[in-house]
Amino acid sequence: MSEKRIFDHPVLKFDRGQEFYFEFEGKKIKAYEGETIASALYADGLTKFTESKILERPRGFFCAIGKCSSCIMSVNGRPHVRTCVTQAEENMKVERHGARPKFPGIDVGRGKEIKEKEIEIAIIGGGPAGLMAAITAAKLGSEVHLFDEGSNPGGQLIKQTHQFFGSHEEDAGTRGIVIGENLAEEAQKLGVNIHPKTKVLGYYFDRKVAVERKGRFEIYDVGGIVYAGGAIENYLAFENNDFPGVYGAGGVQTLMNEEGIVPGEKVLMVGSGNVGLIVSYQLLQAGVDVAEVIEALPTIGGYQVHASKIRRAGVPIQTSHTIVKAVGEDEVEGAVVHQVDEDWKKVEGTERKIDCDIICLAVGLRPDTSFLRQADCEMEYVAELGGFVPLRTEDMRTTTKGIYVAGDSAGIEEATVAALEGKLAGAALHEELNEEDEETKRLKREAKKGLEQMRKGPYGKVPRLGVKTCTVDEEVCG
Ligand code: FES
C-alpha cells in the first residue's frame, strides 16, 4: 500500500492543513499541519522507530498517545521525544537514536527562571472525565485550568466514530467524536483555560504542578487537582510480540480516526471485547482488511450488536483461540494461532498461520496512575477495575489532600461513568475550596445517582464490587 493517508471515509472528514516537509535522517518527509511526527513517518512507510535496550530489537509505535515510549526519537538534537504526541514542524530534524542516546549538548533550561502561576483548580487530562470535571467546577464559579497532552481535548472520545449506548441524558445515540467536541466547546464557553499539547511532569508536595510545553517548563501553584489521566493498553505475551506491526487497538484507532492514516493492509484482531469489535469495524470502514478476530474465552466479550456488524461484513470471530507467535524477519508478516480447551491448553492439530501485516491487541486496559503514585496517593490492586487504583472517598478524593481522581485512572469503566465521576470530582473539589452551596450539593447528588444507575443490574456487578473495594471513609483520606 503506497498511500497510507485516508482521503475518503464514510464517517470522518480529514481537514488536513498546509503541506510541508521536515527532515528524517537526511530524507525529506511530507507532513500536514497538525500531524504528529510519528504519523507523518508512518504514512511515509517507516515502521521501525526505536530499539529495545538490551537486545536492540526494532520497535514500532504501540499506544500512539504518549504512554509507552515505543516511538521515541531525537528531534532537533533533543533525545527521548515521544514522536506520537509531538507535532511535525517545517524543517525540523528528526532521527532515531536507538536504545542509548548520547547527551544532547543543548541548552535544556537549567538555571533559567521557571514561570510560576497561582491557579484555583488544575484538571489533568482532557477526556470525558477531565472535561466534565472542568465544566462542572467552572459552572460553579471556580477558575479552572485543563492540561492535556493532545492537540484537541476530547481524549479517547475523539476517535470513537460509533454511537454510544446508555441513557438519553448521557448522550446515547451520539457518536463519541461529537460528544468530545461538544464537551470541549462547552468547557471553552465556560471560560476553562485549556492548555493543549502540555505534559504534566509531576507533583510537588506544596501543591505545585510542573508542566512542560514545547520544551518550556512552568509551575502551577494549585488549590486542588482532579487527575483524569486515562488508561494504558495491556500487552500480551507471545513470541515476537515486540515486532513492529504489533499495535494496541487504541493506537490503531488514533492513527486511523484522528490522524487519518491506515495501519496496514490486513489485520488480525486479538480480543473480542467492545474495543476489539469496534476497532475491527472501523478498520473495515477505512478500507483495511480484517483477517479475523480471535478470542481466548469461549464467548465473545463485547456487545452482540458490534459482533453482528463485523460478522455481516464477512469477518470470522473465533472464540477459544489464542495467538502464539508473530511471524516475520523483524516485523509482522503473519501470525500463528491455535485453539484452546476449557483448561486453556492447546488443542493439538489446530495450529494455523494467518496472513496479516498488523496484529492488533485489544486485550484490555489498566488505569494510568503514574501521577497519583508520585503524589503519594495510597493504591489498592482491584482486579474488577483493571489493576492498581487509588483509594478514594465517595466524592472521589484520594488520600493525598487536594487531589481527586476520575475516569479510567480511578478504574476501567465506560466513558459515561468517566464523565459522571468527572462531574462528581469537579463539584467536590469546588466545594472543598469554597463555601458550601446548594447547587454544588445538587450536582454531586445528581452525579452519584447517575453512577448508581450505571452500575446497577447484572452488568454493573463487576465495577460495583471494584468500587466498593477501594472506596474508603472520609477519615482515611484525612
Ligand atoms: S509513546 Fe508513542 S507510541 Fe506509545
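Please read all numbers here as calculations on a predicted model, not as lab measurements.

A. Representation of the domain arrangement of the chain in the model. For the chain, the assigned domains read domain 1 (19–95), domain 2 (115–232 + 366–477) and domain 3 (262–360). When each unit is reduced to the centre of its C-alpha atoms, the spacing between domain 1 and domain 2 is 30 Å. The partner domain 2 presents 14 residues to the 8 residues of domain 1 that form the contact. Summing both sides of the interface, domain 1 and domain 2 together bury roughly 730 Å²; the carbon and sulfur share of this comes to 33%.

B. Up close: the sheet that holds strand β16 (residues 266–270). Taking strand neighbours across the sheet as the criterion, the 5 strands line up as β15-β22-β16-β17-β18 in an open arrangement whose pairing is parallel. Because the sheet does not close on itself, it has two edges, and the strands there are β15 (246–248) and β18 (317–318). Both β16 and strand β17 (residues 289–294) contribute to a ladder of 5 bridges, which runs parallel. Residue pairing in the sheet places leucine 268 in a bridge with glutamate 292 of β17. Those strands touched by helix α5 (residues 274–285) are β16, β17 and β18, and its axis lies near 170° from that of β16.

C. Spatial organisation of the state of the cysteines. Inspection of every chain in the model, using the stated rule, returns 0 disulfides. With no disulfide partner, cysteine 356 has as its closest neighbouring cysteine sulfur the one in cysteine 360, 11 Å distant. The exposure class assigned to cysteine 356 is buried, which follows from its relative accessible area of 5%.

D. Just helix α8 (residues 415–433), in detail. Compared with an ideal rise of 1.5 Å per residue, which puts 19 residues at 27 Å, α8 spans 27 Å between its outermost C-alpha atoms and is within 8% of the ideal. Counted residue by residue, α8 has 16 buried out of 19 residues, so it is predominantly covered.

E. Helix α6 (residues 304–312), seen in detail. Regarding α6, the residues found buried are His306, Ala307 and Ile310. Buried residues of α6 fall within an arc of 100° about the axis and therefore sit on the same side. On its buried face, α6 sits against α5, β17 and β18. Two residues or fewer after α6 comes glycine 314, characterised by a positive phi angle close to 90°.

Reading guide: rules and limits
Residues numbered from 1 in each chain as written. Predicted model: local features only at pLDDT ≥ 70, side-chain atom pairs only at ≥ 80, totals over all residues. Heavy atoms only, no water. Domains from an automatic or database assignment. Contact = heavy atoms within 4.5 Å. Buried area = accessible area lost by both parts, 1.4 Å probe. Pairing = 2+ DSSP bridges. Helix = DSSP H or I, 4+ residues; strand = E, 2+ residues; numbered from the N terminus. Axes fitted to C-alpha atoms, helices over the stretch in contact; angles between N-to-C directions. Disulfide = S-S within 2.5 Å. Buried < 20%, exposed > 50% of the residue type's maximum accessible area, 1.4 Å probe, protein only. Expected span 1.5 Å × (residues − 1). Arc of directions from axis to C-beta.

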